[in-house]
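A structural walkthrough
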Amino acid sequence: SPEMFSLGSWLPALPGLVWGWALLDALLQGLVGACAVSVLCSLMRVYLYIQCLNDPKRRAEKEAIGARSRVLEPLHVLVLTGVLALVGSRVAALVVLEFSLRALSTLLSLSKGAPSNQLLLLCQYSLGCGVSCGLSFLLEGAPHGTSNLALAAGLAGLLATYSRRLARHVCTLYQLHSSARYCGVCILLLASGHRIPRLLRNALAVAFSVADVAAVALINRDFLSAAEAVRFWTPLTICYTLLVIYMQGEKGIQPPSQLCVYQTVLVRMGGLFILLLTVGRWTDVFHILISLLGEFWCLLHAGVMLQVCQQQVSWGHLHSVTQG
């Protein structure tokens, strides 16, 4: 019979068995989210390396982007997988909604519709939470959910591996291959490498659109009545609005910097922490602290690339001031 080939039929009926399967699903969801972040970082590394290579004044930045240990990327995926597996779907949904509002506000406030490459790096942890939320929502109640997650994790792992190989190839051989017209991949990047941010922005728009729908559904499923939902969403909306207003004001006062980025994370997570102390559960408070560690880990991992993007923003702001 089919039950003979199911894994559950070979395992003892222990009280923690269901929790164990839930933990496996959480780890697989976290792995898919971490691989999505790895693909994003690898493609941004390719783009920024090519940009720095074309500017002789940015040789130091080019060397810093290219000097990446092979152990660092798998370690980043491993740590981020554990963080995303520990964070509950409720807090992950709140992180996704908060970043979506902040990103929309940032994009609307950009002068002349200029693209923000820095925003692509700041969304790392939120992207991981969004992918995890989307998978949790789409596969909820599915008869073969664990098998589907394992397949998704395998495909995501392949994409992340090939993206890392592409970044390593570009940082090692792009300068030689592009000048000698030797490698097809490098020639393709020479012709259309400047389109990488646009490709990432389109992909992230789709990912966060799905994640926002999943986040709202995951949060609403915990409420037994409309009045209970209103008591949660009203202070949440006020908190998010105040956070967006505060961060937009901070951007107008001080130029972008590494310290400003970390302060923004502390303000965002601090606001959610205070909110969940009043309307959340104690597990939500714990998950917020885990999310804070995840945000800091992603920012540390992309520190060099963030610095390059911030220099581009500063130079663009200086150029616009001198022109004005």
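Residues numbered from 1 in each chain as written. Predicted model: local features only at pLDDT ≥ 70, side-chain atom pairs only at ≥ 80, totals over all residues. Heavy atoms only, no water.

This part takes up the packing of aromatic side chains. The full count for this structure, using the stated rule, is two aromatic pairs. Summarising the aromatic geometry, the rings of Phe 99 and Phe 208 are spaced 5.2 Å apart at their centres and angled 35° between planes, so their arrangement reads as tilted. Of the two residues, Phe 99 sits in helix H4 (residues 89-109) while Phe 208 sits in helix H9 (residues 196-220), which places them 109 residues apart along the sequence. Taking relative accessible area as the criterion, Phe 208 reaches 9% and is therefore assigned buried. Ring centres 5.5 Å apart and planes at 45° place the aromatic pair Tyr 262 and Phe 296 in the tilted group. Taken as a pair, Tyr 262 in helix H11 (residues 258-279) and Phe 296 in helix H12 (residues 282-301) lie far apart in primary sequence, 34 residues in all. (Phe/Tyr/Trp six-rings, centres within 6.5 Å; stacked < 30°, edge-to-face > 60°. Helix = DSSP H or I, 4+ residues; strand = E, 2+ residues; numbered from the N terminus. Buried < 20%, exposed > 50% of the residue type's maximum accessible area, 1.4 Å probe, protein only.)

Mapped onto the elements of the fold, Glu 228 is located in helix H10 (residues 226-253). In this structure, Glu 228 is in contact with Asp 222 and Phe 223, ignoring residues within four places of it in sequence. (Contact = heavy atoms within 4.5 Å.)

In this structure, Met 44, Leu 48 and Tyr 125 are the most contacted members of the largest nonpolar core, which totals 84 residues. Ranked by residue count, the leading element in this core is helix H1 (residues 17-53), at 16 residues. Look past the residues within four positions of Met 44 in its chain and what remains in contact with it is Asn 117, Leu 120, Leu 121, Leu 200, Met 305 and Cys 309. (Core = buried A, V, L, I, M, F, W, Y, C linked by side-chain atoms within 4.5 Å.)

Packing of H4 against helix H6 (residues 124-138) brings their axes to within 8 Å, and their N-to-C directions diverge by 125°. Relative to H6, the element H4 is oriented oblique. Of the two possible hands of crossing, H4 and H6 adopt the one that is left-handed. For the pair formed by H4 and H6, the contact residues are Ser 89, Ala 92, Ala 93, Val 95, Val 96 and Phe 99 on the first element and Tyr 125, Ser 126, Cys 129, Gly 130 and Cys 133 on the second. (Axes fitted to C-alpha atoms, helices over the stretch in contact; angles between N-to-C directions. Parallel < 35°, antiparallel > 145°, perpendicular 65-115°, else oblique. Left-handed = near helix turned anticlockwise from the far one by under 90°.)

Next up on the list: a nonpolar patch on the surface. A contiguous nonpolar surface patch, about 450 Å² in accessible area, is contributed by Phe 137, Leu 138, Val 206, Val 210 and Val 213. Within the residue set of the nonpolar patch, elements represented by two or more residues are H6 and H9. No other element matches H9, which puts three residues into the nonpolar patch. One can find Phe 137 in helix H6. (Patch = residues over 30% accessible without salt bridge, like charges linked within 9 Å, V, L, I, M, F, W, Y side chains within 5 Å. Areas by Shrake-Rupley, 256 points an atom, 1.4 Å probe, with all protein chains shown as cover. Salt bridge = Lys/Arg side-chain N within 4 Å of Asp/Glu carboxyl O.)

Moving on, we come to the confidence of the model for the chain. Taken over all residues, the pLDDT of the chain has a mean of 80, while the share at 70 or more is 84%. A low-confidence stretch, residues 1-11 (pLDDT under 50), is modelled with six contacts involving residues beyond four sequence positions or located in other chains. (pLDDT = per-residue confidence, 0-100.)

End to end, H12 covers 29 Å across 20 residues, agreeing with the expected 28 Å (1.5 Å per residue, within 8%). Within H12 the residues assigned to the buried category are Asp 284, Val 285, His 287, Ile 288, Ile 290, Ser 291, Leu 292, Gly 294, Glu 295, Cys 298, Leu 299 and His 301. (Expected span 1.5 Å × (residues − 1).)

What UniProt calls "transmembrane region" (unreviewed entry) maps, in this numbering, to residues 30-50, 71-99, 119-139, 199-218, 230-247, 259-279 and 285-306. The span residues 71-99 is 90% helical and 0% strand by assignment, and the distance between its end C-alpha atoms comes to 29 Å. Within the segment residues 259-279, helix and strand shares are 100% and 0% respectively, and the terminal C-alpha atoms sit 30 Å apart. (UniProt positions renumbered as here; feature names shortened; annotations may be inferred.)

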